[in-house]
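What follows is the residue order along each chain.
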Amino acid sequence: MDIVINDNSIEPIYEQIQQQIIKAIIKGDLVEGDQLPSLRSLAKELRVSVLSVNRAYTELEKNGFIYSIHGSGFFVGDTESKIVKEQYIREIEDLFIKAIKLSKVSSLSLSDLNEILKTIYKLEEGEE
């Protein structure tokens, strides 16, 4: 699994791990039933504490992205479930709220925001 930790980020390590796993699920790089690395092996690979990986996995499990089987490890959950889709929507809404707040500070209009969103969306479509 390709996870990159940015030591200069203000985002906590566990959130970086969590977000990158979610992104891999959304992109389809991780699918339902895929086993995730163990806490210790991922911590060793990323050179972070086991506690950081454990917190990331705990949050992912709490939000329905993964599940654990005692003695077997962590696995990607049902990525098509309504719970997971609702979580995606909540995350998108949170990002939109941040963007709106920044746009107000920058005196950008709603049409400016729409134009930015359309441009980025088109660029991302071309990468896939």
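Being a predicted model, the structure only gives us computed values, none of them experimental.

Novice: I'd like a description of the overall build of the protein, backed by residues and values.
Specialist: Scanning the protein from N- to C-terminus turns up 5 helices and 2 strands. Reading the protein from its N terminus to its C terminus gives the helix and strand order α-α-α-β-β-α-α. Across its three principal axes, the protein shows a C-alpha extent of roughly 55 × 35 × 25 Å. When the 128 residues of the protein are sorted by exposure, 28% land in the buried category. Surface exposure of the protein reaches about 9300 Å², of which carbon and sulfur atoms provide 55%. Across the protein, the mean location of the 15 positive side-chain charges is 4 Å away from that of the 22 negative side-chain charges.

Novice: Give a description of the packing of helix α1 (residues 13–27) against helix α3 (residues 50–62) that names residues and reports values.
Specialist: Interhelical geometry of α1 versus α3 gives an angle of 45 degrees and a closest axis separation of 8 Å. If you check the angle between α1 and α3, you find them oblique. As for the relative orientation of α1 and α3, their crossing is right-handed in sense. Of α3, the residues touching α1 (which contributes Ile 13, Tyr 14, Ile 17, Gln 18, Ile 21 and Ile 22) are Ser 52, Val 53, Arg 55, Ala 56, Tyr 57, Glu 59 and Leu 60. Looking at the contact of α1 with α3 residue by residue, the classes come out as 9 nonpolar, 2 polar and 2 charged.

Novice: Explain a nonpolar patch on the surface to me, and be specific about the residues and the numbers.
Specialist: A cluster of nonpolar side chains, contributed by Ile 92, Phe 96, Ile 100 and Leu 117, occupies part of the molecular surface with about 340 Å² of accessible area. Residue contributions to the nonpolar patch peak at 3 residues, all from helix α4 (residues 82–105). Structurally, Leu 117 is set in helix α5 (residues 110–127).

Novice: Give a detailed account of the environment of Glu 59, specifying residues and quantitative values.
Specialist: With respect to the helices, strands and loops of the structure, Glu 59 is situated in helix α3. In contact with Glu 59, other than residues within four places in its own chain, are Tyr 14 and Gln 18.

Novice: Outline the pattern of salt bridges, listing residues and values.
Specialist: Per the stated rule, a full pass over the model turns up 1 salt bridge. Across the pair Lys 62 and Glu 59 runs a salt bridge, and its minimum N-O distance is 3.4 Å. With a gap of 3 residues between them, Lys 62 and Glu 59 both fall in helix α3, about one helical turn apart. With a relative accessible area of 61%, Lys 62 lands in the exposed category.

Novice: Give me the lowdown on the packing of aromatic side chains, citing residues and values where you can.
Specialist: Under the definition given, this model contains 2 aromatic pairs. Ring geometry for Tyr 67 against Phe 75: centres 5.7 Å apart, planes inclined by 25 degrees, an arrangement best described as stacked. Note on Phe 75: relative accessible area 13%, which makes it buried. Across from the ring centre of Tyr 14, 3.9 Å away, lies the NZ or CZ of Arg 55, which sits over that ring.

Novice: Requested: an account of α1, with residues and values cited.
Specialist: An α-helix turns once every 3.6 residues. As a result, residues three or four positions apart point the same way. In this model α1 runs 21 Å from its N-terminal to its C-terminal C-alpha over 15 residues, within 8% of the 21 Å that 1.5 Å per residue would give. All of the buried residues along α1 are Tyr 14, Gln 16, Ile 17, Gln 18, Ile 21, Ile 22, Ala 24 and Ile 25. A positive backbone phi angle near 90 degrees is found at Gly 28, which sits one or two residues after α1.

Basis of the calculations
- Every chain is numbered independently, its residues counted from 1 as its sequence is written.
- Reporting in this predicted model follows two pLDDT cut-offs: at least 70 for local features of residues, and 80 or more for side-chain atom pairs to be given and counted; totals over whole chains, interfaces and linings ignore these cut-offs and use all residues.
- Side-chain metrics rest on all non-hydrogen atoms present in the structure, leaving aside hydrogens and water.
- Runs of H or I in DSSP of at least four residues are treated as helices and runs of E of at least two as strands, each being numbered from the N terminus.
- Using a 1.4 Å probe on the protein chains alone, a residue whose accessible area is under 20% of its type maximum counts as buried, one over 50% counts as exposed, and one in between counts as partly exposed.
- Surface accessibility follows the Shrake-Rupley procedure with a 1.4 Å probe radius. Residue values consider only the protein chains on display as shielding.
- Neither His nor the chain termini are counted; the positive set is Lys and Arg, and the negative set is Asp and Glu.
- Think of each charge as sitting on NZ of Lys, CZ of Arg, CG of Asp or CD of Glu.
- Each axis is a line fitted through C-alpha atoms, taken for helices only over the stretch in contact, and angles between the N-to-C directions span 0 to 180 degrees.
- Should an angle fall under 35 degrees it is called roughly parallel, over 145 degrees roughly antiparallel, and 65 to 115 degrees roughly perpendicular, with every other angle called oblique.
- Crossings are sorted by hand: turned counterclockwise from the far helix by less than a right angle, the near helix makes the crossing left-handed, and turned clockwise it makes it right-handed.
- We call two residues contacting when some pair of their heavy atoms lies within 4.5 Å.
- The nonpolar class holds Ala, Val, Leu, Ile, Met, Phe, Trp, Tyr, Cys and Pro. Asp, Glu, Lys and Arg form the charged class, and all remaining residues, Gly among them, are polar.
- Each patch is built from residues that are more than 30% exposed by relative accessible area and take part in no salt bridge. Like charges join if they lie within 9 Å; nonpolar side chains (Val, Leu, Ile, Met, Phe, Trp, Tyr) join within 5 Å.
- Should a side-chain nitrogen of Lys or Arg be within 4 Å of a carboxyl oxygen of Asp or Glu, the pair is scored as a salt bridge.
- Centres within 6.5 Å are what make two rings of Phe, Tyr or Trp a pair, Trp counting through its six-membered ring; a difference in plane orientation under 30 degrees is then read as stacked, over 60 as edge-to-face, and the rest as tilted.
- In this analysis the charged atom, NZ for Lys or CZ for Arg, is taken to sit over a ring once it is within 6 Å of the ring centre and within 35 degrees of the ring normal.
- Take the number of residues in a helix, subtract one, and multiply by 1.5 Å to get its expected span.

Worth remembering: the numbers are spatial, not functional.
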